[in-house]
Amino acid sequence: MEKHDVTKLEGRINELSHSLKQLSNDGEMQELLQIIHRPGWTTPAEALLVSGIVDSMVAKTKTLMDLKHTLMAGSRAIGK
């Protein structure tokens, strides 16, 4: 791999790491937990929408974890 390609890849890996850290910031999820307990928070339709988004985010997060494990296992295996 060319030096400039490694440098570009390193930048993208750093960007990925930064994005994952921002995603794992717990402050907004803690706020959401407070919001959903407010009296009269939402209608059944809105609750269904929010629940569907949460379910989708959980599934996508699991996929990201699986991809990360594959990335690391594959990268470690290269050159052995």
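A brief structural summary. (Residues numbered from 1 in each chain as written. Predicted model: local features only at pLDDT ≥ 70, side-chain atom pairs only at ≥ 80, totals over all residues. Heavy atoms only, no water.)

## Digging into the environment of glycine 11
- Tracing the sequence through the fold places glycine 11 in helix α1 (residues 3-23).
- C-alpha separation for the pair glycine 11 and alanine 73, spaced 62 residues apart in sequence, amounts to 20 Å. (Helix = DSSP H or I, 4+ residues; strand = E, 2+ residues; numbered from the N terminus.)

## Things to note about the pattern of salt bridges
- Per the counting criterion, the structure on display carries two salt bridges.
- Close ionic contact of arginine 12 with glutamate 15 constitutes a salt bridge, the shortest N to O distance being 2.8 Å. Taken as a pair, arginine 12 and glutamate 15 lie in helix α1 at a separation of three residues, close to a single helical turn.
- For glutamate 15, a relative accessible area of 43% translates into the label partly exposed.
- Of the charged contacts in the structure, one is a salt bridge between lysine 62 and aspartate 66, with a shortest N-O distance of 3.0 Å. Linking lysine 62 with aspartate 66, this pair stays in helix α3 (residues 44-77), spanning four residues, or about one helical turn.
- For lysine 62, a relative accessible area of 52% translates into the label exposed. (Salt bridge = Lys/Arg side-chain N within 4 Å of Asp/Glu carboxyl O. Buried < 20%, exposed > 50% of the residue type's maximum accessible area, 1.4 Å probe, protein only.)

## Points about a nonpolar patch on the surface
- Together, Leu16, Leu20, Leu23, Leu64, Leu67, Leu71 and Met72 make up an exposed nonpolar region whose accessible area comes to about 620 Å².
- At the level of secondary structure, the elements contributing two or more residues to the nonpolar patch comprise α1 and α3.
- Broken down by element, the residue count for the nonpolar patch peaks at four residues, all from α3.
- Here methionine 72 is to be found in helix α3. (Patch = residues over 30% accessible without salt bridge, like charges linked within 9 Å, V, L, I, M, F, W, Y side chains within 5 Å. Areas by Shrake-Rupley, 256 points an atom, 1.4 Å probe, with all protein chains shown as cover.)

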